[in-house]
Amino acid sequence: MDIVLDHKELIKYPFLKESQQLARRHVESLEEFLSSAPGSVALKRAKDRVIAALAKKREFLDENTQSLKPELEIASYALARVLVSCSGNRSLIERLARYEAERASFFLETEDPEIQRFVAWSIGISAGATTMPVTDYVELVPHMRDPRWRLVNRDVHQGTVHLEPGEIDELIRERIRVILIDQMPLRVPAGICERLEPIIQEISARYQQQTLEQFGEIQEEAFPPCISALIQAISTGANLTHMGRFAMTSFLHTIGMSITGITEIFARAPDFDLEKTMYQVEHISGGGGTGYTPPSCPTMRTLGLCVNRNKDCERVNHPLNYYRLQKTKKRKQG
Ligand code: SF4
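One structure accompanies this document, and this report is about it. (Residues numbered from 1 in each chain as written. Predicted model: local features only at pLDDT ≥ 70, side-chain atom pairs only at ≥ 80, totals over all residues. Heavy atoms only, no water.)

### What to know about the site of the ligand
At step 1: Taken together, the neighbourhood of the ligand is formed by Pro-224, Pro-225, Cys-226, Cys-297, Met-300, Cys-306, Val-307, Arg-309, Cys-313 and Pro-319.
At step 2: Sorting the residues of the shell around the ligand by element identifies α12 (225–235) and α16 (297–302) as the ones contributing at least two each.
At step 3: For the shell around the ligand, a count of residues per class yields 9 nonpolar, no polar and 1 charged. (Near = heavy atom within 4 Å. Helix = DSSP H or I, 4+ residues; strand = E, 2+ residues; numbered from the N terminus. Nonpolar A, V, L, I, M, F, W, Y, C, P; charged D, E, K, R; others polar.)

See the structure below:
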């Protein structure tokens with residue numbers, strides 16, 4: 001497609017090849033760039049970008065977008081991806097990909113139709129389309145939660161899926177998210193990650209704090225049946241598989257239980273070994289960092305850990321969502 005985007009447009013869509021080329025003209029070596037004054041400015045903006053991705057409410061028309069030089073704004077996008085990649089935290093990667101996709105989609109909404117078409121074409125979608133080939137559609141929608149996206153709920157005719165007005169915009173957003181997720185984690189040299197460690201720590205602390213606030217006080221009665229079953233199994237001395245221990249520990253850690261608290265649960269086992277348990281729990285919990293995310297329901301099913309399912313399980317696809325749902329229910333019941 002024969003369109004040239006100006007710099008102000010490129011900063012809205014930093015994932016485009018043209019945007020990357022602009023940033024690359026100013027950044028030859030990442031090491032040197034990080035040591036330079038413009039590099040510090042871009043790094044600070046990159047940190048703000050990741051922190052904005054953690055926020056519940058998204059704001060896209062910020063001062064920074066207006067005041068930074070376009071090449072630095074785009075470099076900050078690249079550095080934000082470096083930061084989350086170095087963190088090794090899948091949730092941070094997912095949050096950033098979602099944020100960038102929503103940001104681009106926000107700008108696209110009010111964009112000139114020619115630019116809309118160009119951006120959509122760059123990611124392999126036809127803007128304004130009212131149908132999509134089934135093969136493209138099924139590749140794109142697996143992570144879209146609303147049941148209306150399921151193929152069985154769609155109007156399919158001669159190998160194409162009919163799209164309602166506005167749905168193509170949602171699919172464009174999803175396509176951007178999927179592209180970004182597929183590209184991360186980036187392979188970042190260890191020396192760069194070490195250099196960025198203080199900022200990564202700051203971001204990880206923010207993420208941890210936000211997670212704890214989100215889950216609030218721990219309520220064992222709100223635990224999903226799979227996690228309760230694991231705790232029950234431990235208490236009766238059953239031997240848990242490694243994945244069983246992993247699922248339980250990562251779940252308890254994510255909802256804010258301290259390492260001591262988790263160890264106390266393991267201490268209910270008749271053959272409890274303090275040293276070994278502390279080592280495993282600290283490893284899974286990330287030693288005070290962000291740690292691992294517990295497995296989703298489909299993964300729990302594959303591992304044979306989805307047990308005692310109940311009616312509320314049908315409404316969730318992650319044990320953490322089950323826990324959130326129960327806490328909300330209990331709060332509403334007073
Ligand atoms: S459906 Fe999910 S929350 Fe419910 S028991 Fe299975 S894994 Fe746990």
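Picking up after the structure, the text goes on.
### Brief notes about helix α8 (residues 113–122)
At step 1: By the burial criterion, the buried members of α8 are Ile-115, Phe-118, Val-119 and Ala-120.
At step 2: Buried residues belonging to α8 abut α1 (7–10), α2 (17–26), α7 (90–109) and α10 (167–183).
At step 3: With its phi angle positive at about 80°, Gly-124 sits one or two positions after the end of α8. (Buried < 20%, exposed > 50% of the residue type's maximum accessible area, 1.4 Å probe, protein only. Contact = heavy atoms within 4.5 Å.)

### With respect to the state of the cysteines
At step 1: What the rule picks out here adds up to 1 disulfide.
At step 2: Across the disulfide, Cys-86 is cross-linked to Cys-193 (sulfur-sulfur distance 2.1 Å). Measuring handedness by torsion sign, the sulfur bridge of Cys-86 and Cys-193 sits at about -75° and is left-handed. Remark: Cys-193 occurs in helix α11 (residues 190–215) and Cys-86 occurs in helix α6 (residues 70–87); sequence separation between them is 107 residues.
At step 3: Residue classification places Cys-86 among the buried positions, given a relative accessible area of 17%. (Disulfide = S-S within 2.5 Å.)

### Some thoughts on a nonpolar patch on the surface
At step 1: Together, Val-138, Leu-151 and Val-156 make up an exposed nonpolar region whose accessible area comes to about 200 Å².
At step 2: Relative to the helices and strands, Leu-151 is located in the loop between α9 (134–140) and β2 (156–157).
At step 3: Leu-151 gets classed as partly exposed once you look at its relative accessible area, which sits at 34%. (Patch = residues over 30% accessible without salt bridge, like charges linked within 9 Å, V, L, I, M, F, W, Y side chains within 5 Å. Areas by Shrake-Rupley, 256 points an atom, 1.4 Å probe, with all protein chains shown as cover. Salt bridge = Lys/Arg side-chain N within 4 Å of Asp/Glu carboxyl O.)

### Structural notes on the sheet that holds β2
At step 1: The strand order across the open sheet built from 3 strands is β1-β3-β2, with neighbouring strands paired in antiparallel fashion. One side of each edge strand has no neighbouring strand; the edge strands of this open sheet are β1 (131–133) and β2.
At step 2: Both β1 and strand β3 (residues 160–162) contribute to a ladder of 3 bridges, which runs antiparallel. For Thr-131, the partnering residue across the bridge sits in β3 and is His-162. (Pairing = 2+ DSSP bridges.)

### Notes on the environment of Glu-282
At step 1: Among the structural elements, Glu-282 can be located in helix α15 (residues 274–285).
At step 2: With 29 residues separating them in the primary sequence, Glu-282 and His-253 have C-alpha atoms 9.7 Å apart.

### Section: the packing of α6 against α7
The axes of two packed helices give the description: the angle between them and the distance between them.
At step 1: Relative to each other, α6 and α7 sit at 155°, their axes nearing to 8 Å. Taken together, α6 and α7 sit at an angle that is classed as roughly antiparallel. Facing α6, whose interface residues are Glu-73, Tyr-77, Ala-80, Arg-81, Val-84 and Ser-87, α7 presents Leu-92, Ile-93, Leu-96, Glu-100 and Arg-103.
At step 2: For the contact of α6 with α7, the residue count by class is 6 nonpolar, 1 polar and 4 charged. (Axes fitted to C-alpha atoms, helices over the stretch in contact; angles between N-to-C directions. Parallel < 35°, antiparallel > 145°, perpendicular 65-115°, else oblique.)

### Thoughts on the pattern of salt bridges
At step 1: A full pass over the atoms with the stated rule returns 15 salt bridges.
At step 2: Here Asp-312 and Lys-329 are joined by a salt bridge, their closest N and O atoms 2.8 Å apart. With Asp-312 in the loop between α16 and α17 (319–332) and Lys-329 in helix α17, the pair connects residues that are 17 residues apart, well separated along the chain.
At step 3: Asp-312 sits in the buried class, given a relative accessible area of 14%.

### Section: α12
At step 1: Among the residues of α12, Pro-225, Cys-226, Ile-227, Leu-230, Ile-231, Ala-233 and Ile-234 are the ones counted as buried.
At step 2: Turning to α12, the residues buried within the fold contact α13 (242–254), α14 (259–266), α16 and α17.
At step 3: Once α12 ends, the next one or two residues include Gly-237, with phi positive near 85°.

### Details of the side chain of Arg-103
At step 1: Looking at the element boundaries, Arg-103 is found in helix α7.
At step 2: Look at Arg-103 and you get buried, because its relative accessible area is 1%.
At step 3: In this structure the side chain of Arg-103 is engaged in a polar contact, spanning 3.4 Å, whose partner is the backbone oxygen of Lys-12. (Polar contact = N/O pair within 3.5 Å; in protein donor to acceptor, adjacent residues only side chain to side chain.)

### Let's talk about the environment of Met-278
At step 1: With respect to the helices, strands and loops of the structure, Met-278 is situated in helix α15.
At step 2: Judged by its relative accessible area of 28%, Met-278 is partly exposed.

### Section: a positive patch on the surface
At step 1: Taken together, Lys-311, Arg-315, Arg-331 and Lys-332 make up a surface patch of like positive charges.
At step 2: Counting through the fold element by element, Arg-315 comes out in the loop between α16 and α17.
At step 3: Residue classification places Arg-315 among the exposed positions, given a relative accessible area of 57%. (Lys, Arg positive; Asp, Glu negative; His and termini not counted. Charge placed at Lys NZ, Arg CZ, Asp CG, Glu CD.)

### What to know about the side chain of His-318
At step 1: Along the chain, His-318 turns up in the loop between α16 and α17.
At step 2: For His-318, a relative accessible area of 14% puts it in the buried group.
At step 3: If we ignore the near neighbours within four places in the chain, the residues touching His-318 are Pro-294, Pro-295, Ser-296 and Cys-297.

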